[in-house]
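An overview of the molecular structure
Now for the letters of each chain:
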Amino acid sequence: MSEILSQEEIDALLAALSAGEVKPEEIREEGQKLKAKKYDFRRPNKLSKEHLRTLYMIHENYGRLVANFLSAYLRANIQIKIVSVEQMTYEDFIVSLPAPTLLTLFTLEPLKGTAILETNLAFVFPVIDLLFGGRGEMSPRTRELTAIERHVLRRLNGRLLEQLTYVWSDVYPVTPKLESMETNPQFVQVVSPNEIVAVVTLATTIGETEGLMNICLPYMMLEPVISRLSATQWFAGAAEKEEKLEWRESMAKILAPVPVEVVAYCGRAKLKVRDFLQLQVGDVITLDSVLGQDLELYVDGLPKFKVQPGLSGKKRAVQIMEVI
């Protein structure tokens, strides 16, 4: 892009050239330094550095949550740390994966598209060994997962995906849902090969075995929330959430002493006006509830609990069995 000089700047430049303060060769060298940058249209950068930085912070928390969950679930010391967040084409991501590996396809409702959680065998086999009562050792040889192992890992990976709900809550409320699992990367095609994806890489340490986890998020999935993937929006969302919690606690303190009416209905019956007018002492009215069935407890006219009738000392009482 050329820059237009004012008349004063032109006069000053000519005066400097005449006085020998500026040499024509220096001006040519400056012009030669301004070269166009190469741009690959097949691999466009759709995510800015700020977007990648925000994804880094989000999944840094994810690694911490997953490590705490697995340590408690497997009763072993497990460390998970984020390594990098990069954007690349889907084809480059698939080519970089080993075979076999465990690929978990999942959705983040209400966002459209399918994402991938890749856990390589250096992470999977020690986890399987711990689940089956071992010490978390790596398998001596690379092999395919058995049907039982895949079934067990499906349940476990479902729990790992649940952690995404918490770390994404400050940016956008999502609900992860496990769709399917594969072991061969070549059989997984969630987007076109040239589609840009964000790849989050996490390093895992189980005992003496080091492995990797990769989360592949297609750009088409992130596009609706791309404006929220900025550090300012992320911190603002966290501050807003904290402010809502404080407001909720203060409101709970204010409302705590307010009295409410609590009524437990033993049952209901419908009578005709003729039958109602003929009621006498000793008549029996059949209710629609069965003996031993839970009763409904109403709070200010709204059904809130399922209860069972009983006594507390010499007073009638109900025991809460279920929240409606």
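In what follows, the structure referred to is the one given above.
A few points on the structure. (Residues numbered from 1 in each chain as written. Predicted model: local features only at pLDDT ≥ 70, side-chain atom pairs only at ≥ 80, totals over all residues. Heavy atoms only, no water.)

On to the overall build of the protein chain, then. When its secondary structure is counted, the protein chain shows nine helices and ten strands. The proportion of buried residues among the 324 residues of the protein chain is 34%. By sequence separation, contacts in the protein chain at least 24 residues apart represent 64% of the contacts at least 6 residues apart. (Helix = DSSP H or I, 4+ residues; strand = E, 2+ residues; numbered from the N terminus. Buried < 20%, exposed > 50% of the residue type's maximum accessible area, 1.4 Å probe, protein only. Contact = heavy atoms within 4.5 Å.)

All right, on to the pattern of salt bridges then. Should their charged atoms come close, side chains of opposite charge can pair. Throughout the structure, instances matching the rule amount to four salt bridges. Ionic pairing is found between Arg143 and Glu149, a salt bridge with its closest N-O pair at 2.8 Å. A relative accessible area of 7% means that Glu149 is categorised as buried. A salt bridge links Glu296 to Lys306; the nearest nitrogen and oxygen atoms lie 3.8 Å apart. On the criterion of sequence distance, the pair formed by Glu296 in strand β8 (residues 295-299) and Lys306 in strand β9 (residues 302-312) is long-range, its members being ten residues apart. Note on Lys306: relative accessible area 24%, which makes it partly exposed. (Salt bridge = Lys/Arg side-chain N within 4 Å of Asp/Glu carboxyl O.)

The next thing to look at is the sheet that holds β8. Taken in spatial order, the four strands of this open sheet run β7-β8-β9-β10, and their pairing is antiparallel. Looking at which strands have only one partner, the edges of the open sheet turn out to be β7 (262-265) and β10 (315-323). Neighbour-to-neighbour, the strand axes of this sheet turn through a mean angle of 40°, independent of strand direction. As paired strands, β9 and β10 are joined by eight bridges and run antiparallel to one another. Paired with Leu311 across the strands is Arg316, a residue of β10. (Pairing = 2+ DSSP bridges. Axes fitted to C-alpha atoms, helices over the stretch in contact; angles between N-to-C directions.)

The next point concerns the sheet that holds strand β2 (residues 102-109). Pairing in this open sheet of six strands is antiparallel, and the strands run β1-β5-β6-β3-β2-β4 from one edge to the other. Of all the strands in the sheet, the pair left with one neighbour each is β1 (78-89) and β4 (175-182). Pairs of neighbouring strands in the sheet enclose a mean axial angle of 20°, with direction left out of account. Against the sheet, helix α5 (residues 121-131) touches β2, β3 (115-119), β5 (196-206) and β6 (209-218), its axis set at about 115° to β6. With respect to the sheet, helix α6 (residues 147-168) is in contact with β2, β3, β4 and β6, its orientation differing from that of β4 by roughly 150°.

Looking now at the packing of aromatic side chains. A full pass over the atoms with the stated rule returns three aromatic pairs. Judged by centre distance (5.3 Å) and plane angle (25°), the ring pair of Phe69 and Tyr73 falls under stacked. Linking Phe69 with Tyr73, this pair stays in helix α3 (residues 49-74), spanning four residues, or about one helical turn. A residue is classified by how much of its surface remains accessible, and Phe69, at 13% relative accessible area, is buried. When its relative accessible area of 41% is taken as the criterion, Tyr73 is described as partly exposed. With 6.5 Å between their ring centres and 45° between their planes, Tyr90 and Phe93 make a pair best called tilted. Of the two residues, Tyr90 and Phe93 are both situated in helix α4 (residues 90-95); the distance of three residues between them amounts to about one turn of the helix. Pair check on accessibility: Tyr90 and Phe93 agree, each one buried. When the ring centre of Tyr265 is taken as origin, the NZ or CZ atom of Arg268, which lies over that ring, is 4.8 Å away. (Phe/Tyr/Trp six-rings, centres within 6.5 Å; stacked < 30°, edge-to-face > 60°. Lys NZ or Arg CZ within 6 Å of the ring centre and 35° of its normal.)

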